[in-house]
Amino acid sequence: KAGVTQTPRYLIKTRGQQVTLSCSPISGHRSVSWYQQTPGQGLQFLFEYFSETQRNKGNFPGRFSGRQFSNSRSEMNVSTLELGDSALYLCASSLAGGTYEQYFGPGTRLTVT
Amino acid sequence: GQQVMQIPQYQHVQEGEDFTTYCNSSTTLSNIQWYKQRPGGHPVFLIQLVKSGEVKKQKRLTFQFGEAKKNSSLHITATQTTDVGTYFCAGAQGGKLIFGQGTELSVKP
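Residues numbered from 1 in each chain as written. Chains lettered and ligands numbered in written order. Predicted model: local features only at pLDDT ≥ 70, side-chain atom pairs only at ≥ 80, totals over all residues. Heavy atoms only, no water.

**Student:** So what exactly am I meant to see when it comes to the side chain of Ser22(A) here?
**Tutor:** All names here are of chain A. Inspection of the secondary structure assignment puts Ser 22 in strand β3 (residues 19-24). Of note is the side chain of Ser 22, whose polar atom sits 2.9 Å from the side chain of Arg 73. Setting aside its immediate chain neighbours within four residues, Ser 22 contacts Thr 5, Gln 6, Thr 7, Trp 34, Arg 73, Ser 74 and Glu 75. (Helix = DSSP H or I, 4+ residues; strand = E, 2+ residues; numbered from the N terminus. Polar contact = N/O pair within 3.5 Å; in protein donor to acceptor, adjacent residues only side chain to side chain. Contact = heavy atoms within 4.5 Å.)

As structure tokens, then:
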């Protein structure tokens, strides 16, 4: 089976812009979770989608949003980018749900200047 | 808020020495998972523990889940250079996976 794929792999944006990141889960996985990874804060949970519904959300401002399509592919959007949004954004898919074995994608490295 | 504390933050060992990382939660966990992230890579699932007092082994790696389901440990016997990376625990709480800060392991040959 193909692994989790994320596009783009690298992105440079300017403060105030918005960005959309994409994630394609492993075939058959209906749960997709998003995480933000920074050196200072570690891995922080953003949200989980299961069968197109957001099941859980972490403690991030409303500028961070996501959605999931009927084919389980997911997108994450960040509006009005801030310098502090620079991070590695990891998508993970799971067969059983967001609190079970997660298969991570390679991540999207976002730099905000 | 929900937190999973992990120590130590860094560990430098000589090849052949043992290594242990510890995780602690203030609340009871539904399960605890361990992941390994190599430098420049992404987290890779190692194992999941569900039962109180559970102990699981994978070759030189031993994983334990505490009796109260609030703490866990990962022990590596006789480290090798291939063990280099950051080890994360992740506790399941309230429908979410809460990751510890990770322990970065370096191994000197």
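**Student:** Got a minute to help me understand the environment of Glu104(B) in this structure?
**Tutor:** Residues and elements named next belong to chain B. Note that Glu 104 resides in strand β11 (residues 103-108). Distance from Glu 104 to His 12, taken between C-alpha atoms, is 8.3 Å for residues 92 residues apart in sequence. Once you skip the residues sitting within four places of it in the chain, Glu 104 turns out to touch Gln 9, Tyr 10, Gln 11, Gly 85 and Thr 86.

**Student:** Would you mind showing me how to read the pattern of salt bridges here?
**Tutor:** Think of it this way: side chains of opposite charge can pair up when their charged atoms draw near. Applying the stated criterion to the full structure yields seven salt bridges over all chains. Its salt-bridge partner being Arg63(A), residue Glu82(A) comes within 3.6 Å of it at the nearest N-O pair. Of this pair, Glu82(A) sits in the loop between β8 (74-78) and β9 (87-94) while Arg63(A) sits in the loop between β6 (53-57) and β7 (64-68), placing them 19 residues apart in sequence. By relative accessible area, Glu82(A) is classed as partly exposed at 42%. With relative accessibility at 15%, the residue Arg63(A) sits in the buried group. As a salt-bridge pair, Asp83(B) and Arg60(B) come within 2.9 Å of each other at their nearest N and O atoms. Linking Asp83(B) in the loop between β8 (71-76) and β9 (85-93) with Arg60(B) in the loop between β6 (55-58) and β7 (61-65), this pair joins segments that are 23 residues apart in sequence. With relative accessibility at 5%, the residue Asp83(B) sits in the buried group. Among the charged side chains, a network of salt bridges with common partners joins Arg63(A), Glu82(A) and Asp85(A). (Salt bridge = Lys/Arg side-chain N within 4 Å of Asp/Glu carboxyl O. Buried < 20%, exposed > 50% of the residue type's maximum accessible area, 1.4 Å probe, protein only.)

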